Amino acid sequence: DVYVSMFGTGWRFANLVAGLAAPGSPLPLNYEAAAAPVVVEVNGSPVEVTYAGPQMTFLGLDQINFKLPRTLAAGTYSIVVKIGTRVSSTVQLRVQ
């Protein structure tokens, strides 16, 4: 099996439920999960997300781990992360 880890910021705060926190007010530091399910798509097809949450070493850094399908041949693939109604920019992943 092949797994990919992506790192970024703000994923846990994507699509917060209205009223959860007033604008400008801090959220608790232990806010651990996005308010909506995290979906990763490889070339438009959803893949298994094995972890989505804080990175645990660097405060504020988020991590998403996902499993690539065994049928994936060598090539370049588009990766998109969706959290509720939010959609990330597309990134390219080269598989050898």
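My aim in this report is to walk through the structure given alongside it, one point at a time. All residue numbers refer to position in the chain's written sequence, counted from 1. Local features in a predicted model are, by the rule used here, given only for residues with pLDDT of at least 70; side-chain atom pairs are given and counted only at 80 or more, and totals for whole chains, interfaces and linings are based on all residues. The basis for every side-chain value is the complete set of heavy atoms in the structure, and neither hydrogens nor water enter the calculation.

### A look at the pattern of salt bridges
Now for step 1: Throughout this description, the term salt bridge denotes a Lys or Arg side-chain nitrogen within 4 Å of a carboxyl oxygen of Asp or Glu. Under the defined criterion, the tally for this structure stands at 3 salt bridges.
Now for step 2: With a shortest N-O distance of 3.5 Å, Asp-1 and Lys-67 are connected by a salt bridge. Residue Asp-1 is found in the segment before β1 (2-8), and its partner Lys-67 is found in strand β4 (residues 62-68); the two are separated by 66 residues along the sequence.
Now for step 3: Only protein chains enter the accessibility calculation, which uses a 1.4 Å probe; a residue whose area is less than 20% of its type maximum is buried, one above 50% is exposed, and one in between is partly exposed. Looking at Asp-1, the relative accessible area reads 52%, which means it is exposed. Secondary structure elements are defined from DSSP: runs of H or I of at least 4 residues count as helices, runs of E of at least 2 residues count as strands, and each element is numbered from the N terminus.

### Structural notes on unusual backbone geometry
Now for step 1: For Asn-43, which is not glycine, the phi torsion reads 50 degrees and is therefore positive.
Now for step 2: As for its position among the elements, Asn-43 is in the loop between β2 (38-42) and β3 (45-54).
Now for step 3: With a relative accessible area of 45%, Asn-43 lands in the partly exposed category.
Now for step 4: Of note, the phi angle at Met-56 is positive, near 80 degrees, even though the residue is not glycine.
Now for step 5: Here Met-56 lies in the loop between β3 and β4.
Now for step 6: You can call Met-56 exposed: its relative accessible area is 67%.

### Describing the nonpolar core
Now for step 1: By convention a nonpolar core is built from buried Ala, Val, Leu, Ile, Met, Phe, Trp, Tyr and Cys residues, the set being connected through side-chain atoms within 4.5 Å. Met-6, Val-40, Val-42, Phe-66, Val-81 and Ile-83 are the most contacted members of the largest nonpolar core, which has 17 residues in total.
Now for step 2: Taken together, the elements giving at least two residues each to this core come down to β1, β2, β4 and β5 (75-83).
Now for step 3: Looking at this core element by element, the count peaks at 4 residues for β5.
Now for step 4: It only takes one pair of heavy atoms within 4.5 Å for two residues to be counted as in contact. Contacts of Val-42, omitting those with residues within four sequence positions, involve Val-47, Phe-66, Leu-68, Leu-72, Tyr-77, Ser-78 and Ile-79.

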